[in-house]
Amino acid sequence: MGIQESLPGGVILTSLETVAGLARAGSMWPATFGLACCSIEMMSTGGPRWDLARFGMEVFRGSPRQADLMIVAGRVSQKMAPVMRQVYDQMPDPKWVIAMGVCASSGGMFNNYAIVQGADHIVPVDVYLPGCPPRPEMLIDAILKVHEKAKATKMGAHRQAEITELEELALQAEPTSAMKGLLR
Ligand code: SF4
């Protein structure tokens, strides 16, 4: 809530969106959130060899209130799912999520009752990153894709229209219980 919600659509808002998008992409801070082996690669990405500081985001925040990017690094257990959702809810808007690795994206080889079969059952995911584990270069590539998305994030009336459109698309999607795949 705030000034963003009361902004009218039009030329001025479009210019503001461009400036805000550049600022958001250039100052993105990830939440400290590692769940399994993938988090080792995530930590390497912040080290001197891959140097995440080049993108203004070497500071992994200990508080979700200071973070706008959640990197789900590793498999999500049923026990961890509500915690993950709580951390996500505590992050301020706008925020983005990367599902890092095959486990976070789809449950991976852990097709069992203990593991959530994809982080998108718990939080909305912006970028799915394949691999087991993905290398730091792949994570940086995913982060750059999130930056592009952040630059295009809308504000005010444009954002409301975008949310309505996304919700309508989600309602039209086939429910997972009706999907046919390898297991049915
Ligand atoms: S994708 Fe591989 S490295 Fe990542 S959490 Fe799963 S098993 Fe571990």
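Caption draft 1: Molecular detail of the site of the ligand. By nearness alone, every residue bordering the ligand is listed as A36, C37, C38, G74, R75, V102, C103, F110, G131, C132 and P133. Its residues assigned to classes, the shell around the ligand shows 8 nonpolar, 2 polar and 1 charged.

Caption draft 2: Structural context of the nonpolar core. Among the nonpolar cores identified, the biggest contains 22 residues, and L69, I71, I98, M100, L139, I143 and V146 are the most heavily contacted of them. When residues of this core are traced back to their parent elements, those giving at least two are α3 (38–45), β1 (69–73), β2 (96–100), β3 (127–129) and α6 (136–151). Those residues in contact with M100 that lie beyond four places of it in its chain are C38, E41, M42, I71, V72, A73, G74, L129, P134 and L139. Judged by nonpolar contacts, the second largest core, of 17 residues, contains A81, M91, A99 and A119.

Caption draft 3: Structural detail: the sheet that holds β3. Ordered in space as β1-β2-β3, the 3 strands form an open sheet in which the pairing is parallel. Either end of the sheet is taken by a strand with one partner, and the two such strands are β1 and β3. Sheet twist, expressed as the average angle between the axes of neighbouring strands with direction ignored, equals 15°. Here β1 runs beside β2; their pairing, made up of 5 bridges, is parallel. Residue pairing across strands places I71 opposite I98, the latter belonging to β2. Of the strands in this sheet, β1, β2 and β3 touch α6, which is tilted by about 155° from β2.

Caption draft 4: Here's a closer look at the packing of α3 against α6. Where α3 meets α6, the closest approach of the two axes is 9 Å, and the angle between their N-to-C directions is 75°. Judged by the angle between their axes, α3 and α6 are roughly perpendicular. Taking contact as the criterion, the partners of E41, M42, S44 and T45 in α3 are, on α6, P136, L139 and I140. Residues belonging to the contact of α3 with α6 are distributed by class as follows: 4 nonpolar, 2 polar and 1 charged.

What counts and how
Residues numbered from 1 in each chain as written. Predicted model: local features only at pLDDT ≥ 70, side-chain atom pairs only at ≥ 80, totals over all residues. Heavy atoms only, no water. Near = heavy atom within 4 Å. Nonpolar A, V, L, I, M, F, W, Y, C, P; charged D, E, K, R; others polar. Core = buried A, V, L, I, M, F, W, Y, C linked by side-chain atoms within 4.5 Å. Buried < 20%, exposed > 50% of the residue type's maximum accessible area, 1.4 Å probe, protein only. Helix = DSSP H or I, 4+ residues; strand = E, 2+ residues; numbered from the N terminus. Contact = heavy atoms within 4.5 Å. Pairing = 2+ DSSP bridges. Axes fitted to C-alpha atoms, helices over the stretch in contact; angles between N-to-C directions. Parallel < 35°, antiparallel > 145°, perpendicular 65-115°, else oblique.

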